[in-house]
Amino acid sequence: MKQLSKNAMQLPESGTIKILDLAKTLEREGKKVIHLDVGEPQFDTPEEIKQEAVRSIIDGNTKYTSSRGIFELREAIIRNYNQQYNLDLSPAKNIIITPGAKFAVYAAILSIISKEDHVALLTPSWVTYWAPITFISGKAIDVNVMLNEDDFEEKLKSSINRKTKLLIYNSPNNPTGKVLTKKELKLIHDLSVDYDFFVLADEIYGFLTYNQKFYSILEMSDIFDRLIIINGFSKKYAMTGWRIGYAIGPENLINAMVKFQQAATTCPTSFVQYGTLAVFKYNDILSSKITKMKEIFKKNRDLVIDELSKIPNIRFKVPDGAFYIFPDISMIEKNSYDFVMKLLKAKYVSITPGVFFGDGGEGHVRISFATSKENIIEGINRIKEFIKELYS
Ligand code: PLP
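Residues numbered from 1 in each chain as written. Predicted model: local features only at pLDDT ≥ 70, side-chain atom pairs only at ≥ 80, totals over all residues. Heavy atoms only, no water.

Student: I keep staring at the side chain of Asn 144 and nothing clicks. Help me out?
Tutor: Considering the arrangement of structural elements, one finds Asn 144 in strand S4 (residues 139-144). For Asn 144, a relative accessible area of 18% gives the class buried. Excluding anything up to four places from it in sequence, Asn 144 contacts Thr 123, Pro 124, Lys 155, Asp 359 and Gly 360. (Helix = DSSP H or I, 4+ residues; strand = E, 2+ residues; numbered from the N terminus. Buried < 20%, exposed > 50% of the residue type's maximum accessible area, 1.4 Å probe, protein only. Contact = heavy atoms within 4.5 Å.)

Printed below as a string of C-alpha cells:
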C-alpha cells in the first residue's frame, strides 16, 4: 500500500493531546480536574454579538460569502486600523477574514515560505507556528528571547541572516506574557529592512496589557509591504468557538492567502461574520464590557502572583500582558512534561509543559489564569501540596 503524504507524516502530534486525554479519563472517573491549561476567556460571548448572529440567521445570511470575508466587516476593521495608525489601507485589498486567527497564521506562513526557507521564531511561543513550517519542510530557528529582556538584541541579531525569509513574534506573548517594547520592535523593523525578510506579528492579545503599553509594529508602517498582522475576536470578545479572525497585509500576500482560503474552506461561516459586526455596531456597550473583563484578568493575574509566591523554589516573571504565567520550576523538576503528567495524576490539576513552547520553554510550565478565582486558589494550592509531597 502506498504511504500517506510525507508532509503530513512529518507533522508532530499535538503535545497537549496526551494531557487532555488523561484529564478526560480522570473526569470520566468522577475526578474534579482543575483546568489551568486552556487559553480561552472564562466569560460568555457578549449578548449583543449573540443576538446579532441570531438575527442574521433569521434574515437569511446563511450562504457562502466572499472568500475575503464580508465587505462590511472588512470595512469596519480597516476603518479602525486606519484611524488608529494613520494608514490608508483598503478593505478590498489589505484584509482577509478567516475562520479564527489560527487559519490566518497557517495561510500566511504557507503563502510566504517554501521548502528549506528559514523562519526565525521568537520563543517561547505559541505551539501552532511550528506546524505549517514543518509541513512545508521549512526550517524553524528558535530565538529564545521572550523570557529574558537583557540579551534580546544580541540573540536576535545572531540568529538572523540572509537566509531568513520570515520572522514570527507574538506580543503580548503566549506563554510568557512578555510585551515587546518599542525599542525591540524597532530592532525587528530595522533587521527586516537590512535582511529583507517578512514579519508576522500576532497581536491577538494586543488588547490585554497590564502596566505596560502595547505597541504595534504598524506604527512603523514603512515596512508594510513585508508585514502581516494577525488578530481576531476569540480572546478579546470571548468568541473562541465562533472561529473568526483576520489578517492585514500587503495586497499580494493577502491575495495568496485568499487562494488558500478559497481552496480550504471557501469562507468563514456567514452568520458568524455578520454577528461579529456587533463589535462595531455596539462599540460603546462592548468597550465597557471588555474593560470589566480586563479588570478581572488583572485581578486574576495578581492573585496568581500572590499564590505562586507562596511556593518555595518557583521563580517567575510577572506577565505584562495576555492571561498566562510561565513559572520556572527547574529547581524542583527539570522535565516539565513529567511534572505536568505527575501533577495531573496526583492532584487533578491540568497545566501545560513549557517544553511545548520551543527553545527556552523547558523547565517551565504555563498556567492560564483565564478562569475563576476559586479555580486559581484551589489549583495553585494543589500544586503546592504536590510539590511538598513529591519533591521535598
Ligand atoms: N495566536 C495566539 C498567540 C494564540 O494564543 C491563539 C490561541 O490560543 C491564537 C492565535 C488563535 O486564535 P483563534 O481562536 O482566533 O484561532
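Back to the write-up after that little detour.
Student: It is not clear to me how the pairing of strand S7 (residues 227-232) should be interpreted in this structure. Could you clarify?
Tutor: It is a general feature of regular strands that their side chains alternate between the two faces of the sheet. Most of S7 sits out of view: six of its six residues are buried. Burial of the side chains of S7 extends over both faces: Leu 227, Ile 229 and Asn 231 are buried on one face and Ile 228, Ile 230 and Gly 232 on the other. Alignment of strand S6 (residues 198-202) against S7, held across four bridges, turns out to be parallel. What sits directly across from Leu 200, in S7, is Ile 228. Looking at chain direction, S7 and strand S8 (residues 245-248) are connected through four bridges and run antiparallel. Looking at the pairing, Gly 232 lines up with Gly 245 of S8. (Pairing = 2+ DSSP bridges.)

Student: Would you mind going over the packing of aromatic side chains with me for this structure?
Tutor: Given two aromatic rings, one states the distance between the centres and the angle between the planes to describe the pair. Under the defined criterion, the tally for this structure stands at 14 aromatic pairs. Arranged with centres 5.2 Å apart and planes meeting at 85°, the rings of Trp 126 and Tyr 129 form a pair that is edge-to-face. For the ring pair Phe 323 and Tyr 324, a centre distance of 5.1 Å and an interplane angle of 55° mean the geometry is tilted. Tyr 324 carries the same exposure label as Phe 323, and that label is buried. Ring pairs connect the aromatic residues Phe 43, Tyr 205, Phe 297, Phe 323 and Tyr 324, which therefore count as one cluster. (Phe/Tyr/Trp six-rings, centres within 6.5 Å; stacked < 30°, edge-to-face > 60°.)

Student: What is the right way to look at the sheet that holds S8 in this model?
Tutor: Hydrogen bonding along the main chain pairs the strands of a sheet, whether they run parallel or antiparallel. Strands sit in the order S2-S8-S7-S6-S5-S3-S4 across an open sheet of seven strands; the sheet is mixed. Two strands bound the open sheet, and with one partner strand each, they are strand S2 (95-98) and S4. The average angle at which neighbouring strand axes cross in this sheet is 20°, direction not considered. Docked against the sheet, helix H4 (residues 71-85) engages S2, S7 and S8, running at close to 125° with respect to S2. Taken strand by strand, helix H5 (residues 101-112) contacts S2, strand S5 (164-170), S6, S7 and S8, and its axis lies near 165° from that of S7. (Axes fitted to C-alpha atoms, helices over the stretch in contact; angles between N-to-C directions.)

Student: What is the right way to read the site of the ligand from this model?
Tutor: Surrounding the ligand, one finds 13 residues, the nearest of these being Ala 101, Asp 202, Ser 234, Lys 235 and Arg 243. A distance of 2.7 Å separates an oxygen atom of the ligand from a polar side-chain atom of Arg 243. Contact with the protein chains removes 92% of the 400 Å² of surface that the ligand exposes when unbound. (Near = heavy atom within 4 Å. Polar contact = N/O pair within 3.5 Å; in protein donor to acceptor, adjacent residues only side chain to side chain. Areas by Shrake-Rupley, 256 points an atom, 1.4 Å probe, with all protein chains shown as cover.)

Student: Explanation requested: the environment of Thr 134 in the structure shown.
Tutor: Relative to the assigned elements, Thr 134 resides in helix H6 (residues 130-135). As for Thr 134 and Ala 8, which are separated by 126 residues in sequence, their C-alpha atoms are 9.1 Å apart. One polar contact links the side chain of Thr 134 to the main-chain carbonyl oxygen of Trp 130, over a distance of 2.8 Å.

Student: Please explain H4 as it appears in this structure.
Tutor: Every α-helical turn comprises 3.6 residues, leaving residues that sit three or four positions apart pointing alike. With 15 residues, H4 should reach 21 Å at 1.5 Å per residue; the first-to-last C-alpha distance of 21 Å fits that figure. All of the buried residues along H4 are Leu 73, Arg 74, Ala 76, Ile 77, Ile 78, Tyr 81, Asn 82 and Tyr 85. Next to the buried residues of H4 lie S2, S7, S8, helix H10 (270-276) and helix H11 (278-281). The positive-phi residue at the C-terminal boundary of H4 is Asn 86, with phi of around 55°. (Expected span 1.5 Å × (residues − 1).)

Student: Even after reading the chapter, I still don't get the pattern of salt bridges, so can you show me in this structure?
Tutor: A side chain of one charge can pair with a side chain of the opposite charge when the charged atoms of the two come close. Considering all chains together, one arrives at 21 salt bridges under this definition. For Glu 307, the salt bridge identified is with Lys 310, shortest N-O distance 3.0 Å. (Salt bridge = Lys/Arg side-chain N within 4 Å of Asp/Glu carboxyl O.)

Student: Looking at this structure, I do not really get helix H7 (residues 152-159). What am I missing?
Tutor: Within H7 the residues assigned to the buried category are Phe 152, Leu 156 and Ser 159. Seen end-on, H7 carries its buried residues on one side only, within an arc spanning 70°. Seen from the open side of H7, the exposed residues pointing more than 90 degrees away from its buried face are Glu 154 and Ser 158. Residues of H7 that are buried sit in contact with strand S3 (118-123), S4, S5 and helix H8 (182-195). (Arc of directions from axis to C-beta.)

Student: Help me understand the sheet that holds strand S9 (residues 324-325), please; the structure alone is not making it clear to me.
Tutor: Pairing in this open sheet of three strands is antiparallel, and the strands run S9-S12-S11 from one edge to the other. Of all strands in the sheet, those with a lone pairing partner are S9 and strand S11 (352-353), marking the two edges.

Student: Whenever I open this one, the nonpolar core confuses me. Can you help?
Tutor: The nonpolar side chains of a soluble globular protein tend to be buried with one another. One finds Ile 188 and Ile 217 to be the most contacted residues of the largest nonpolar core, which totals 124 residues. With near-sequence residues (within four places) excluded, Ile 217 lies in contact with Tyr 169, Leu 185, Ile 188, His 189, Val 199, Ala 201, Glu 203, Ile 223, Leu 227 and Ile 229. (Core = buried A, V, L, I, M, F, W, Y, C linked by side-chain atoms within 4.5 Å.)

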